[in-house]
Amino acid sequence: PDYLDRLAADLTALEADMVCCNAFEETGQARSDYRCVLHSRVIRDKETLFRDALIREEQYGFTVWGKLIRTELVRQIPVPAQRFREDTYFILCLFQHVSTVVLDSYPGYVYARQEGSAMLQTGRHDLSRCMGQLASAQLLFRLTRDMSQSTRELAARHYAAYLHAAAAAAALAGGACF
């Protein structure tokens, strides 16, 4: 609850659309170092937002956890159809609508990976994983095509990585998904 109060205070005081905080990640008995927002700051430029998310995806990028988002923005975004990479797709859609994002270095959120969860499964969900990768790759390409050359190059690297992951997922599923 303490971290939500802090994020809500940031959201209100800085008139932000979204606030992102650091997070610990737990798997079983181990707890990782928190995801590293190096310093708190405010981003008011879409290209900076995309570029930073692409360069430092591990900081605050393409997950929904550790974020507080204005309700009216969330309502503008359709629920992604895919079961995997749906958070990436959602955040990319959200980036189209935000004008101010606050990065807060406070490590307030704990993400616990559970054995048997969809995040850790392979095999039966690989075709769904493939489709989620492809949807995110296509959206990323579309959203960054009018940005600077350096941002497009970063997006192209992520696009290629998503396509590679989609192909690997399809191979594990025993078929092609494109």
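Read on for a plain summary of the structure.

From N to C terminus, the chain includes seven helices and five strands. N-terminal to C-terminal, the α/β element order of the chain is α-β-β-β-α-α-β-α-α-β-α-α. Out of the 178 residues belonging to the chain, those deemed buried represent 43%. The long-range fraction of contacts in the chain, counting pairs at least 24 apart against all pairs at least 6 apart in sequence, stands at 73%. Element-wise, carbon and sulfur atoms account for 53% of the exposed surface of the chain, whose accessible area totals about 9,600 Å².

It is worth spelling out the packing of aromatic side chains at this point. The tally for this structure, following the rule as stated, stands at one aromatic pair. Geometrically, the ring pair formed by Phe-50 and Phe-95 is edge-to-face, given 5.4 Å between the ring centres and 85 degrees between the ring planes. Highlighted residues: Phe-50 in helix α2 (residues 46-55) and Phe-95 in helix α5 (residues 86-95), separated in sequence by 45 residues. Accessibility classification places Phe-50 together with Phe-95 in one group, the buried group.

With respect to the helices and strands, the residue Thr-144 is situated in helix α6 (residues 126-144). Sequence separation between Thr-144 and Arg-51 is 93 residues, and the spatial gap between their C-alpha atoms is 9.3 Å. In this view, Thr-144 contacts Phe-50, Thr-151, Arg-152 and Ala-155; residues no more than four positions away in its chain are not counted.

Okay, the nonpolar core next. Ranked by internal contacts, the top residues of the largest apolar core, which has 27 residues, are Met-18, Leu-94, Phe-95 and Val-101. Elements represented by at least two residues in this core include exactly β1 (18-27), α2, α5, β5 (101-113), α6 and α7 (149-173). It is α5 that contributes the most residues to this core, six residues altogether. Residues in contact with Leu-94, not counting those within four places in the same chain, are Met-18, Ile-69, Leu-73 and Ile-77.

Position of Ala-137 among the secondary structure elements: in helix α6. As a C-alpha pair, Ala-137 and Leu-163 span 26 residues in sequence and 7.0 Å in three-dimensional space. With residues up to four places along the chain from it excluded, the contact list for Ala-137 reads Tyr-159, Tyr-162 and Leu-163.

With that out of the way, let us pick up helix α1 (residues 2-13). Across its 12 residues, α1 extends 17 Å between first and last C-alpha, which sits within 8% of the 16 Å expected from 1.5 Å per residue. Of all the residues in α1, the buried ones are Tyr-3, Leu-7, Asp-10 and Leu-11. Projected down its long axis, α1 shows its buried positions confined to an angular sector of 100 degrees, all on one face. Structural note: α1 exposes Asp-2, Asp-5, Thr-12 and Ala-13 on the side pointing more than 90 degrees away from its buried face.

So, how was this worked out
- Residues numbered from 1 in each chain as written.
- Predicted model: local features only at pLDDT ≥ 70, side-chain atom pairs only at ≥ 80, totals over all residues.
- Heavy atoms only, no water.
- Helix = DSSP H or I, 4+ residues; strand = E, 2+ residues; numbered from the N terminus.
- Buried < 20%, exposed > 50% of the residue type's maximum accessible area, 1.4 Å probe, protein only.
- Contact = heavy atoms within 4.5 Å.
- Areas by Shrake-Rupley, 256 points an atom, 1.4 Å probe, with all protein chains shown as cover.
- Phe/Tyr/Trp six-rings, centres within 6.5 Å; stacked < 30°, edge-to-face > 60°.
- Core = buried A, V, L, I, M, F, W, Y, C linked by side-chain atoms within 4.5 Å.
- Expected span 1.5 Å × (residues − 1).
- Arc of directions from axis to C-beta.

Nothing here speaks to function; it is geometry throughout.
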